[in-house]
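Okay, here's what each chain looks like letter by letter:
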Amino acid sequence: MQSPASGLSMLLFIEQILNGLQLGVMLFLMSAGLTLVFGIMQVINLAHGSFYMIGAYVAATVMQQTGSFMLGLLAALPVSALIGMLVEALVLRRLYQRDHLDQVLATFGLILFFNELTRIIWGRQPLFMDGPEWLSGTVELIPGAPYPSYRLAIIVVGIAVAVLLYLLFTRTRLGMQIRAGSSNREMVAALGVNIKLLYTLVFGLGTLLAGLAGVMAGPILAVESGMGESILILTFVVIVIGGIGSIRGALIAALLVGMVDTLGRAFLPGLFRLVLPAAQADGVGASLSSMAIYILMAAILVWKPKGLFPAQA
Amino acid sequence: MEAEGTVSGAGLIAMQNFLTRKIAVLSTCLILLLALPVIMQLLDEPYLISLSSRILIYAIAAVSLYLILGYGGMVSLGHAAFFGTGAYVVGILASASFDASPVFSWPFQMDGSERLLVALPLALLISAFAALIIGFFSLRTSGMYFIMITLAFAQMLYYFYVSLEGYGGDDGLSLYSRSQLPLLDLGDDTHFYYLCLTFLLLFLLFCHRLVNSRFGRVIQGIRENEKRMQSLGYAVFGYKLACFVIAGAGAGLAGALMANQSEFVSPGLMHWTQSGEILVMVLLGGMGTLFGPVLGAVALLSMEEILSMFTEHWMVYLGPFLILVVLFTRGGLYGLLIGRER
Amino acid sequence: MLDSILRVEGLCKRFGAVEASNNLSFEVARGEIHALIGPNGAGKTTAINQLTGEITPDAGSIFFDGEEITHLPVHLRARKGLARSFQITAVFEHLSVEENLGLAVQAHQGHSFRFWRNVARDSSLKQLTRQAIETIGLEARAAEPAANLSHGEKRQLEVGMALASRPKLILLDEPMAGMGPGGTVKLAELIQGLKGNLSILLVEHDMDVVFSLADRITVLVYGEVIASGTVEQIRNDPLVRQAYLGEEVIDA
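Right, let's walk through the structure included here. (Residues numbered from 1 in each chain as written. Chains lettered and ligands numbered in written order. Predicted model: local features only at pLDDT ≥ 70, side-chain atom pairs only at ≥ 80, totals over all residues. Heavy atoms only, no water.)

### Describing the packing of aromatic side chains
Okay, so step 1: Counted according to the given criterion, the structure contains 29 aromatic pairs over all chains.
Okay, so step 2: An angle of 75° between the planes, with centres 5.4 Å apart, marks the rings of Phe104(B) and Phe108(B) as edge-to-face.
Okay, so step 3: When its relative accessible area of 48% is taken as the criterion, Phe108(B) is described as partly exposed.
Okay, so step 4: Grouping aromatic residues by their ring pairs yields a cluster made of Phe215(B), Tyr234(B), Tyr239(B), Phe113(C) and Phe115(C).
Okay, so step 5: Against the face of Phe192(B) rests Arg178(B), its NZ or CZ located 4.4 Å from the ring centre. (Phe/Tyr/Trp six-rings, centres within 6.5 Å; stacked < 30°, edge-to-face > 60°. Buried < 20%, exposed > 50% of the residue type's maximum accessible area, 1.4 Å probe, protein only. Lys NZ or Arg CZ within 6 Å of the ring centre and 35° of its normal.)

Structure follows, in C-alpha cells:
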C-alpha cells in the first residue's frame, strides 16, 4: 500500500533523474571533444567554453532572423567548427610544444577576447531563444509525470552523439587514428598520418560538439557573454574524474556529475531537514549541494589520481 | 653569486653592469613608491593613492602565486580562492562585530572584531588551512590535472561563499569601516597605502629568504625533476604542500588587505577570472625573480585603468595582447627592463 | 655465509605478457663492485627500478643491510643509504653544479623545512658540497648551470649526486651511457677509487668496463638469472657465451 505522498515524491524523483541525465548529456557533449584535445595534443585549452557561447549566440541570432530553431542549429554547428579550426591554426598550434603555463595564459586571452567581442556585437543584455515549436509540449513517459519534450530531446540527441562517436572511433579509419593518437603520439606520426590535419580536425570536432551543446542550452538558459565558463569548470571536473583522453571516461563521469549535482540540489536540503531545523537545513543543504560534485572529485582523486579511465598508462 | 675565478673578465664586467643596473632600477622604484602619496597629493589626484594601494595588494597576491608557480613549477589556476578567503575572514569578523553577535558559538564562542591585529593573523591562518586542504588533494596530481583541479576547488569555494546567505550571499558584504590598528588611521588612504607597502616589502623579504633557504632549494629541485628528488631521499609531497600552504597564506594576506581597501567583500573576489588575472600578472612580469610579479601587477592594473578610460571594451584588446606576449616574448617586462640574468 | 648489503629473493614482475623479472635472486656483498649485465631487454632496468622502489614487484622480497625494504617508498630507501644514478641523465638543468650537489648533500642532513637561513652561508652544507665537487673533479665548473655542461661532465655530475649522499650501496645504471673513450676512462677511475668504501651495483653495457671493474657478475636473460659468479666464472660460462653470441665480444 503506497501513500499518495510517497507516490508524488517518486514522480519528483524520476523527474530529477531525467534532469540529471539531461545535464550529464550536455556535459558529455562539452567534455568528449575537450578530453580528446587534452589527451592527443597535450594542450590545456581554457577557451572551450567560448565555442559553447558562440554556438548559442549564432543560433539565437539566426533564429531571431528566421524564426526557425533548426536553421539556427544548422548555422551554429559549422560556424563553431570553423572558428574552432581557425583558432587552432592561428593560436593553439603554436602552443603544442610550450609548457602548460603558456597554454593557460594564451587560452585565457582567447576567453577575454571572445567574451568582450560578444558584448560588442550583441550588447550586455542576455538573449532569449525558444526551442522549436514541435518540442514545446510535454511528454508523459510515466503516467502522471509530464516532462518537457525539449529536455527529453536533449537527452536523445546526447545519446545519439555518443553512439555516433562510438561508431566513429571503432568503425572508421579516422577514428582509429584519433584513438591511437590519444595513447601514442609518436606511433601515429610514424604511421605517416598527417598529424597537423588530424589535430585541426579533432579540434574542430570538439568545438562543433561544444557549439551543439551551446545551441541546446540556449532555450533553457540565458544566452549571455561568459555563459561558457560555468559549464567549462564542470567540464573540467568531468574530465578529471573520467581521466584525460578517455571518451568512455567522459561519458560515465558526465552522467555521474550530472546526477550528483541535480539530485544533490533537489534532495540534500530535504535530507538535512530530517535532522536540523528548517532554516539551518536549507543553508547547509544549499552549501553542500553546490559543493557536492567537487567533493565527489576529491574523493575519486584520492582513490584514482588519474581518473576512472586513464588513457595513458 | 661567487665569481670563483671561473668567470672570464668580460663576463665579470657584464655581471657587474647587470648588478649595478639592477640596484639602480630597484632603488629608483623604492624611492618612487615611498614618495608616491606625496606626489599624488601635489598633483591633486587622491584617487590614484587608492589605486596604488590596490596595485600593491595585488602585487602581494602575485608574488605569493609566483612562489608556487615560478619556484615550485605548480601552475595553479585557483589562487584567488585563498585571496577571497582572506578577504572573507576580515569581512565576516567585521560584520559580526558590527552586529555584536558571535561568528559562531560552538565549540567555543568566536566574537567578531574590527581590529587588524586580530583579523589579519586569522585571515592568514584560515587561508593557509584552506590551502592545506585543497593542496592535499590537488598535489596528488600534476600537469593538466593539477590546473583543472585547482580551478575546480576554487570554484567550489566560490559557490560556498555564494551560499552564505547570512553574509550577503551572491551580493557580498559591505564593511562598516576599515580595520583598526594602533597609531595608524587606516581610513586615511595615505596611511593605508603605507601599510600595504610595508606588507609588500616584508613579504618580499620573507620570500627572498625563503627561496634562498634549504627549503627554497628543495622546491626548485622538485620543479626541475621530482623523480630525482625522491631518489635523493626527499619526501616531495610534504615540501610541495608546505610551499602551497605558504603561498595560500600570502594570498590570504593580500585578500585581507583587499577587503579593507574596498571595504567590501563578495564571491567575485574568488571568481576564476581573478585567478587568471593574478596568473597574467606573473607572466607579464616575467620569470626568474621575485620583482617580476610586482612589476606585472603594476603593468596589468595600470594598463586596465588606462585602457578603460578610452573604451569600456578594453578586454577585447587585452586578450590578443596576452596571446602575443605568450607567443613572442620570453622573460616578460622584468627581462626588458633589467636584461636577462643568464 | 656472505656478508651481503643487498639480497634479492625471488623477485617477479610482469608487464602484460612480458615476464620482466622471473624469480630473480642475487646478492651484493658488502664492499664489492657487482655488475648486472645482460642483452637488451633482459630486464636490467626493471630490476633496478624495483630495487629503488619506483616499481613494486609482483612477488619476492628485497633486503637491504639486513632489513626488508620491498614495500618502502623511493625516498625512504634513499634515506637508508641506497642511492642511484640514472641511465638518462637526471640532473637539475637550471641549477648550478654546486646547487645540484648541495641538494644531494642536504637530503641526508635531516629535514629541509628550514625557511630562513641562506644556503650560501650554511657552512656544514658548503663544506660537504665542496668535497663532492672535488670527488668528481668539477671544481672549475662549480658555478655553471648544469645545462651548460658537456655530456661527459653531466654524467660525472650524475654519479656525483648519487655519491654525495654518502650511501652504503650505489646503483649505477649505465654510468658510461653515450660517453666517448676519454670520458669512460675518467669515470671508470672514479668508480675504481670508490671500491672498498661502499658497495656498488653496476649495470653497464661496456663489457671492457665491466670486466675491469667488477668483483662479481650476475647475468640476466629474459628476466632470469642465468649465471652469477666471479669474473673468471662468468667469462667461461657456456650459457653466458651462448646468450651473448653475436651480441658482444666477451674477451676483454
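### Section: the environment of Gly268(B)
Residues and elements named next belong to chain B.
Okay, so step 1: Residue placement: glycine 268 occurs in the loop between strand 2 (264-265) and helix 10 (272-285).
Okay, so step 2: Here glycine 268 falls in the partly exposed class, since its relative accessible area comes to 35%.
Okay, so step 3: It is 9.2 Å that separates the C-alpha atoms of glycine 268 and valine 162, two residues lying 106 residues apart in sequence.
Okay, so step 4: Ignoring sequence-local partners within four residues, the contact set of glycine 268 consists of Tyr158 and Gln274. (Helix = DSSP H or I, 4+ residues; strand = E, 2+ residues; numbered from the N terminus. Contact = heavy atoms within 4.5 Å.)

### Observations regarding the state of the cysteines
Disulfide: a covalent bond connecting the sulfur atoms of a pair of cysteines.
Okay, so step 1: Evaluated as defined, the whole model comprises zero disulfides over all chains.
Okay, so step 2: With no disulfide of its own, Cys207(B) lies closest to Cys243(B) among cysteine sulfurs, the gap being 9.2 Å. (Disulfide = S-S within 2.5 Å.)

### With respect to the sheet that holds strand 2 (residues 18-29) of chain C
Residues and elements named next belong to chain C.
Okay, so step 1: Spatial ordering of the open sheet is given by 2-1-4-5, a layout of four strands whose pairing is antiparallel. The two strands at the open ends of the sheet, each matched to only one other strand, are strand 2 and strand 5 (67-68).
Okay, so step 2: Sheet analysis places strand 1 (residues 4-15) next to strand 4 (residues 59-64), joined by five bridges and oriented antiparallel. Each bridged residue has a counterpart across the sheet, and for valine 8 the counterpart in strand 4 is isoleucine 62.
Okay, so step 3: Docked against the sheet, helix 1 (residues 44-52) engages strand 1, strand 2 and strand 4, running at close to 120° with respect to strand 1. (Pairing = 2+ DSSP bridges. Axes fitted to C-alpha atoms, helices over the stretch in contact; angles between N-to-C directions.)

### Here's the deal with the arrangement of the chains
Okay, so step 1: Across the two pairs of chains in contact, the largest number of contacts is found between chains A and B.
Okay, so step 2: No interface is formed between chain A and chain C, the nearest pair of C-alpha atoms being 11 Å apart.

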